[in-house]
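Overview (structure and organization)
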Amino acid sequence: MIWAKAEGCRVWDAEGREYLDLSGGFGVAALGHRNPRVMEAIATAPVAHALGDLADAEVTADLRRRLPWPAKLGVTGADAVEIALRTALLATGKPGIVAFEGAYHGTGLLALAATGFEQFREPFAAWLPGPVHRYAYGEDPGPLPDDAACLIAEPVQGRAGARVPPDGWLEALRRRCDDAGALLVVDAIYAGIGRTGEMWPGEGVADVICVGKALGGGLPLSAALFVREDLERVWALGPEDVLTHTHVGNPLACAAALVVLEQVPGLLGRVREAGERFASAGWHGAGLMRARPGGAQSAERAGVIVLPAGLDGSLISATPPLTITDEEIDEALSRLG
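So, here's what we can say about the structure. Just so you know, the residues in each chain are numbered from 1, in the order the chain's sequence is written. In keeping with the model being predicted, local features are shown solely for residues with a pLDDT of at least 70 and side-chain atom pairs are shown and tallied solely at 80 or more, while totals for entire chains, interfaces and linings include all residues. The side-chain values count all of the structure's non-hydrogen atoms but skip hydrogen atoms and water molecules.

Describing the side chain of T115
Runs of H or I in DSSP of at least four residues are treated as helices and runs of E of at least two as strands, each being numbered from the N terminus. Mapped onto the elements of the fold, T115 is located in the loop between α5 (109-114) and α6 (118-121). We call two N or O atoms a polar contact when they sit within 3.5 Å, provided that within protein one can donate a hydrogen and the other can accept it, with sequence-adjacent residues counted only if both atoms are side-chain atoms. Of note is the side chain of T115, whose polar atom sits 3.3 Å from the backbone oxygen of G106. Here T115 is in contact with A103, Y104, H105, G106, R121 and R134, once residues within four sequence places are set aside. Between two residues, a contact is recorded if the distance between any of their heavy atoms is within 4.5 Å.

Section: the layout of surface pockets
Cavities and pockets are defined on a 1 Å grid built over the protein atoms alone: a cavity is a set of grid points where a 1.4 Å probe fits but cannot escape, while a pocket is an open set with protein on both sides within 12 Å along at least five of seven lines, and lining residues are those with an atom within 4 Å of any such point. Grid points are joined across faces, edges and corners, and a volume is the space filled by probe spheres set on the points. In this structure, the largest pocket occupies an estimated 470 Å³ of space. Forming the boundary of the largest pocket are 23 residues, of which F26, Y104, I189, Y190 and K213 lie nearest the centre. Those elements that provide at least two residues to the lining of the largest pocket are α4 (77-92) and β14 (307-309). When residues of the lining of the largest pocket are assigned to their parent elements, the largest contribution, three residues, is made by β14.

Things to note about the pattern of salt bridges
The term salt bridge refers to a side-chain nitrogen of Lys or Arg lying within 4 Å of a carboxyl oxygen of Asp or Glu. In the structure shown here, the tally under the stated rule is 19 salt bridges. As a salt-bridge pair, D241 and K72 come within 2.6 Å of each other at their nearest N and O atoms. With D241 in the loop between β10 (222-226) and α8 (251-263) and K72 in strand β4 (residues 71-74), this pair connects stretches of sequence that are 169 residues apart. Residue D207 pairs with R174 through a salt bridge whose shortest N-O separation is 2.9 Å. Here R174 lies in helix α7 (residues 169-180) and D207 lies in the loop between β8 (183-187) and β9 (208-211), a separation of 33 residues in the sequence. The two residues D207 and R174 agree in class, both being buried. A single salt-bridge network, built from bridges that share partners, covers R270, E273, R277, D326 and D330. For every residue, the accessible area (1.4 Å probe, protein chains only) is compared with the maximum for its type, and the residue is labelled buried under 20%, exposed over 50%, or partly exposed between those bounds.

Quick look at the environment of E101
Tracing the backbone shows E101 in the loop between β5 (96-100) and α5. Spatially, the C-alpha atom of E101 lies 31 Å from that of P265, the residues being 164 residues apart in sequence. Among residues more than four places away in sequence, those in contact with E101 are R134, Y135, A136, Y137, Q157 and R163.

Considerations on helix α11 (residues 326-336)
For α11, every residue scored as buried is listed here: E328, I329, A332, L333 and L336. Looking straight down α11, one finds that the buried residues subtend no more than 130° of arc, so they occupy a single side. Opposite the buried face of α11, at more than 90 degrees from it, the exposed residues are E327 and S334. Packed against the buried residues of α11 are β2 (10-13), β3 (18-21), α9 (268-280), β12 (289-293), α10 (296-301) and β13 (304-305). Following α11 by one or two positions, G337 adopts a phi angle in the positive range, close to 75°. Here, the arc refers to the directions that run from the helix axis to the C-beta atoms.

Digging into the pairing of β10
For β10, the tally of buried residues reaches five of five residues, placing the bulk of the element in the interior. Because side chains alternate across β10, one face comprises the buried residues S222, A224 and F226, and the other comprises A223 and L225, equally buried. Of the strand pairs in this sheet, β4 and β10 are connected by four bridges, and their pairing is antiparallel. Residue pairing in the sheet places L73 in a bridge with A223 of β10. In the sheet, β9 pairs with β10 via four bridges, with the strands oriented antiparallel. Its bridge partner being in β10, C210 is matched across the sheet by A224. Two strands are said to pair when DSSP picks up at least two bridges between them.

Focus: the nonpolar core
As used here, the term nonpolar core means buried Ala, Val, Leu, Ile, Met, Phe, Trp, Tyr and Cys residues forming a set that is joined through side-chain atoms within 4.5 Å. Counting residues in each nonpolar core, the largest one holds 72 residues, and the members touching the most others are L22, L151, I193, W200, I209 and L225. By residue number, the principal contributor to this core is α8, which donates eight residues. Excluding residues that lie within four positions of it along the chain, I193 makes contacts with E198, M199, W200, V211, G212, A214, L215, V260, V264 and L322. Core analysis: the next-biggest nonpolar cluster, separate from the first, contains 26 residues, A149, V185, A224 and L231 among them.

Shown next as structure tokens:
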């Protein structure tokens, strides 16, 4: 299917057929497709491109001030993970990564090494960094290996199918990291910015929180947030930034992000309420990060866009705009049957 138009929670294909979008573009369209405030911010931005790490646009500097902790910005979610994992190496001098089965952290080689889906890793196994120590998601891994620089965990697993760990799990991981002298990296790229009903999942325990997807309001933007603020200093490695991109801190994406950060906090209660509507229809998960058994192709034929999910691909995932109405939820669920 080719999308020809998108507005709010609906999209239209090239033949003019309308669909209810329960994917939110992989959770990117948190405020809905073509949100008027986001579109205005993009259209009126006085600078379209600055100089990456050499010179911030004014709006990029504004975003840095608006974020709750110091941040190193990226373009993709995998960038944020890459930054976080490299921060751990710089801070500890140790190479090991503790990760979990069912994790999805991106497809750049370092992020891919931590990812738990074998079908993504196997073709590139010869090139993957490591060592990576992998454990069952939601379980206490016990004492961490001696070489562990960090432990990376999703507060709710997205691609694996909205898997929610037991209460207190992140706190247990915090204690394991403290005992091992390792950093705790919380990958909230999917689950954060309101998706599960929280702005910054893991903020009470994490050393670094990775955010992306919803952050840019539809434009590519991510960030590794240094909750432990001294970690920002490990990147002071000389006059040039040793990990950067041409489009770091893109002004258009930052202008959209300021709208997101202004509006999403007011939607958190609504996200939890809407999530219960999915839960009552048999969808597990948290907030508006939901999954149930089904097939994405059959959902598409019914006029609903969902994402395939689950370790074996047997689930469908719903991560709709946080602005979705009860009527739109009911219409989508009715179409899905």
